[in-house]
Amino acid sequence: MKAVILVGGEGTRLRPLTYTTVKAMVPVLNKPFIEYVIRYLSNHNIKEIILALGYKPDCITDYLGDASQLGTKLIYSVETEPLGTAGAIKHAEQYIDDTFFIMNGDIFTDLNLTDMLRFHRNKGAKVTIALTPVDDPTRFGVVETDSNQRVTRFIEKPKPEQVTSNMINAGVYIVENQVLKRIPRGKRFMFERDVFPELLAEGGPVFSYATDAYWIDTGTPEQYLQLSGDLMSGKSLQVAFKPGEIRINKKTSVHPQAKLTGPILVDSHCTIGKGVQLRGPVVIGTGCTIKDDAIMENSILWQNVTIGEQATLKDCIVASNSCIVDNACIECGAIAQAEK
Ligand code: GDD
Ligand code: MG
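In this text, all values refer to a predicted model and were calculated from it rather than measured experimentally.

(A) Up close: helix α5 (residues 191-201). Along α5, the residues that are buried comprise F191, E192, V195, F196, L199 and L200. An end-on view of α5 places all buried positions within 125 degrees of arc, on one side of the element. Along α5, exposed side chains directed more than 90 degrees from the buried face belong to R193 and A201. Next to the buried residues of α5 lie α3 (84-91), β6 (100-104), β8 (127-133), β10 (151-156), β11 (167-175) and β12 (206-210).

Following this line, the structure appears as structure tokens:
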């Protein structure tokens, strides 16, 4: 079985964090996000993954290479201009010869793909769309269904008055390859706004697979912090982090008078100074310095970040090579060092 991961987006809602990287490479518990997605697909017996890349593809290809250590074959399909979710799949058509999975590259989920495939085959579906419940459907694609799990309507980014269900498109599809015929080549085309509405208007067999498995879209700083905290409190089956656990790399020095409340993850070559308070969930990447009496709560530091003396950070994400001055007090911040 093959899968295509859509990783075209720049991640505009994660700016300024994505000034020097792309959304797919954002570190989650100190590992690039895309690694989790690849491992997840590979664990569901997907032996070949096509990465549909748009924006800054080198950031991803340089890091992943052939990804042989991730247990699956990787193919890169690079767009020279953004073709949209369906246009990107058409661009990768030469690699697709059978029923296949599509996954939005910014989704973290425990959804059971193996069971979803069984469902797809039992229903004789042309397309199966995974559904998940959310509190605010207006930011997603709302999917209406009948009692036989058949999709009756798809409304991308509905206005509040158009919301008829809290079940939304989870960004995971199983598609029969003949659907590719209806996507124009070299043109911007979307599953959400073009393919699904057209298929439904024709009465095509589009089914929905609802799940309450762990699911999150990581597109905003708030969601990204949420994912990190969730993984550290054991909400996903994919990460074994015990609630309240403190995991410090051996090559990091922690002052005996620092006060640590888990969950905390600290990578190598960091210095945690005297009187520092880390109130988990806190993740610190390699090469960071937290100077004396600084306080961090529910925050993430990427690599080589310096936090000044007595600085306070709450609900913050600090991108690599940034420096927070002494006594700074920041809440709900996404902080990056400007490129010189
Ligand atoms: N290769 C490629 N080319 N990928 C693209 C392109 C493109 O032109 N445009 C978007 N993508 C990728 C993004 O990188 C992302 O991984 C995925 O397609 C979805 O795009 P987003 O920009 O993140 O869309 P969204 O989150 O607002 O909405 C989508 O996801 C929701 C679930 O999180 C829609 O599919 C909604 O219907 C859905 O509910
Ligand atoms: Mg998204």
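Still to come is the rest of the account.
(B) Here's a closer look at the coordination of the magnesium ion (ligand 2). For the magnesium ion (ligand 2), the protein coordination sphere consists of D106 (OD) and D217 (OD), at 2.1 to 2.4 Å. Taken together, the residues D106 in the loop between β6 and β7 (107-109) and D217 in strand β13 (residues 215-217) connect sequence positions 111 residues apart. The class of D217 is buried, set by a relative accessible area of 14%.

(C) Geometry of the site of ligand 1. Lining the immediate environment of ligand 1, one finds 28 residues, of which E79, E156, N169, E192 and D217 sit closest. Within the side chain of E79, one N or O atom sits 2.6 Å away from a nitrogen atom of ligand 1. Here an oxygen atom of ligand 1 and a side-chain polar atom of K157 are 2.8 Å apart. Of all the secondary-structure elements, those providing two or more residues to the shell around ligand 1 are β1 (2-7), α3, β10, β11 and β13.

(D) Molecular detail of a negative patch on the surface. On the surface, D292, D293, E309 and D326 cluster together into a patch of negative charge. The exposure class assigned to D292 is partly exposed, which follows from its relative accessible area of 32%.

Criteria and thresholds
Residues numbered from 1 in each chain as written. Chains lettered and ligands numbered in written order. Predicted model: local features only at pLDDT ≥ 70, side-chain atom pairs only at ≥ 80, totals over all residues. Heavy atoms only, no water. Buried < 20%, exposed > 50% of the residue type's maximum accessible area, 1.4 Å probe, protein only. Helix = DSSP H or I, 4+ residues; strand = E, 2+ residues; numbered from the N terminus. Arc of directions from axis to C-beta. Contact = heavy atoms within 4.5 Å. Donors = N, O, S within 2.8 Å, 3.2 Å for Na, K, Ca; no water. Near = heavy atom within 4 Å. Polar contact = N/O pair within 3.5 Å; in protein donor to acceptor, adjacent residues only side chain to side chain. Patch = residues over 30% accessible without salt bridge, like charges linked within 9 Å, V, L, I, M, F, W, Y side chains within 5 Å. Areas by Shrake-Rupley, 256 points an atom, 1.4 Å probe, with all protein chains shown as cover. Salt bridge = Lys/Arg side-chain N within 4 Å of Asp/Glu carboxyl O. Lys, Arg positive; Asp, Glu negative; His and termini not counted. Charge placed at Lys NZ, Arg CZ, Asp CG, Glu CD.

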